[in-house]
Every structure is written in structure tokens, then in C-alpha cells.
Amino acid sequence: LLSVELIIVLVLFIAALIIFSIFAYRVLRWQNHEFDFFVFDKVALLVTPVTTSFIQGITFLGNHNFLVPVNLLLIVYFLFIKKHKWYSIKVPVIALGGLLLMTLLKQLFNRPRPLIPLLEPVKGLSFPSGHAMMSVSFYGLLILLVWEYIANRFWKWLLTSLLVMLILLIGFSRIYLRLHYFSDVMAGFAAGIIWLSLSVWIIGRMERFSKKEIDPAMANDTDAV
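Residues numbered from 1 in each chain as written. Predicted model: local features only at pLDDT ≥ 70, side-chain atom pairs only at ≥ 80, totals over all residues. Heavy atoms only, no water.

One finds F20, L74, F127 and Y139 to be the most contacted residues of the largest nonpolar core, which totals 50 residues. Looking at this core, the elements that each hand over two or more residues are helix 1 (4-30), helix 2 (34-44), helix 3 (49-60), helix 4 (64-81), helix 5 (85-109), helix 6 (130-149), helix 7 (153-176) and helix 8 (182-211). In terms of residues, this core owes the most to one element, helix 6, which gives eleven residues. With near-sequence residues (within four places) excluded, Y139 lies in contact with L61, F66, L67, L163, L166, I167 and I170. (Core = buried A, V, L, I, M, F, W, Y, C linked by side-chain atoms within 4.5 Å. Buried < 20%, exposed > 50% of the residue type's maximum accessible area, 1.4 Å probe, protein only. Helix = DSSP H or I, 4+ residues; strand = E, 2+ residues; numbered from the N terminus. Contact = heavy atoms within 4.5 Å.)

Right, let's talk about the confidence of the model for the protein for a bit. Summarising the model, the protein shows a mean pLDDT of 85, and 88% of its residues fall at 70 or more. Here residues 213-225 is modelled with pLDDT under 50, and outside its nearest four sequence neighbours on either side it reaches one contact, counting other chains as well. (pLDDT = per-residue confidence, 0-100.)

Before going further, it helps to spend a moment on the pattern of salt bridges. Once the charged atoms of two side chains with opposite charge are near each other, the side chains can pair. As enumerated under the stated definition, the model contains two salt bridges in all. Put simply, D36 and R111 hold a salt bridge, and the shortest N to O gap is 3.2 Å. You can see D36 sitting in helix 2 and its partner R111 sitting in the loop between helix 5 and helix 6, a full 75 residues away along the chain. Judged by its relative accessible area of 4%, D36 falls in the buried class. Here R111 ties to D184 by a salt bridge, and the two come within 2.7 Å at their closest N and O atoms. In this pair, R111 sits in the loop between helix 5 and helix 6 while D184 sits in helix 8, placing the two residues 73 residues apart along the sequence. Judged by its relative accessible area of 4%, R111 falls in the buried class. Because the salt bridges share partners, they merge into one network encompassing D36, R111 and D184. (Salt bridge = Lys/Arg side-chain N within 4 Å of Asp/Glu carboxyl O.)

This brings us to the packing of aromatic side chains. In this structure the tally under the stated criterion is 15 aromatic pairs. On the basis of an interplanar angle of 40 degrees and a centroid distance of 6.0 Å, the ring pair of F20 and F127 is categorised as tilted. A residue pair is termed long-range when its members are at least 10 positions apart, and F20 in helix 1 and F127 in the loop between helix 5 and helix 6 qualify at 107 residues. An identical accessibility class is assigned to F20 and F127; each is buried. Here F154 and W155 contribute two aromatic rings whose centre-to-centre distance is 5.3 Å and whose plane-to-plane angle is 80 degrees, an arrangement assigned as edge-to-face. Accessibility expressed as a relative area gives 46% for W155, which makes it partly exposed. Among the aromatic residues, those joined into a ring-pair cluster are F23, F35, F38 and F182. (Phe/Tyr/Trp six-rings, centres within 6.5 Å; stacked < 30°, edge-to-face > 60°.)

Next up, the structure:
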């Protein structure tokens, strides 16, 4: 029987796959930026010096200069403190695999960044948003850890809500700074969910297989013989 958790993951995976396919088709086939610029115009109404400073801090939390060190700290934690070898494998696999997938997707779609950055321009391609994708991968993994290790329902839901909000804010920051289109961010979110779901599921199956737990009934039969 499917567990509630597995059903939720399947629903998220299918929804993310549909969303990514829709935006990928729009980028490849239509090359239509009308709605993306409509979003830019609406977000421009929120621009103030104070908000921009806040957004710059938020967008840093999705930058590789921040995510690489915290991923390394998480690996060290599971290697030497928590001593959970499979999570010490999951963290680099999700991070490095996500980075490779993001690079391949960017090269495949080859979409230039918006030419109207709010501040200084940045190098690289636009679709999908790397900040959005990698934030889902890393902070999504933290959400899984919260649900696995925190028993208190209040703290579990509070931390989950804060992490989801942070993911959404990181995606919003890329639109606010006009470094990515709305479609880039949505595709980045979807690609991050797809990669996180697949990698956690595959590594989880490898973990269960490696344990080779013996069915108690089989063990009793063996003792009886």
C-alpha cells in the first residue's frame, strides 16, 4: 500500500513534471516573453531601497557561495556527528547531481538572461533559474530532515513553513532583481522538485536494499529447522 508520504511525493513529482513541460514548451516553441514582462512590471511597483537590500540578502541564500559551504557542513554533520552514512551520501548526490542537471538544462534551452537587470548584470543563461532549482534541492532536503527528526508537531510545521517561504522568496528575488524571468523561476522550482524526488527515492531504495533485513517469519522458520 502507498503511504501518505509517498502519495504526496508522487503528486508533487507529477505536478512538477507537468509545470516544467509547460514552461519548457513555451520557451522552445513560442519564445513569448509577454507574461514575463507583465510580471516584471507588477514587481517593479514593490521596488524600494530597503526592499532591494532585503532581497539581496535573500538571493544570497540561494547562491552557490552560500550553498556550497552549508552542504559541506551538512555532510560533515552526518559523517561525524549524527553518523548517518546514507544522508552523508544523499547531500552531495542531490547537490552535485542537481548542479549537473541545471547546467545541462541551461545549455539545452540556451535562453539569454533579461536585458534589464535592476542592479548589475550577471553572466550565464536564464532557463531554468539555478537559484530556484538549487534552493528547492537543498532546502527541500532540510524539510525532509525536519519531518524525519523533529517529533513536535508545532516545530515541525513551523520550520517547514519557514523553509517553504524561504524557497519562494529566493525565487521571487530573482524576478525582483530582473535576473530571471517568471518562467525561469517556475521551471527551476519544478526541476528542483523533480530532481529531489527522484534522487531521494533512488537512494532510499538503495539504502533499504543494503540493509538486507531478514523477515522475522523467515528467521523463525530457520530456527525451527
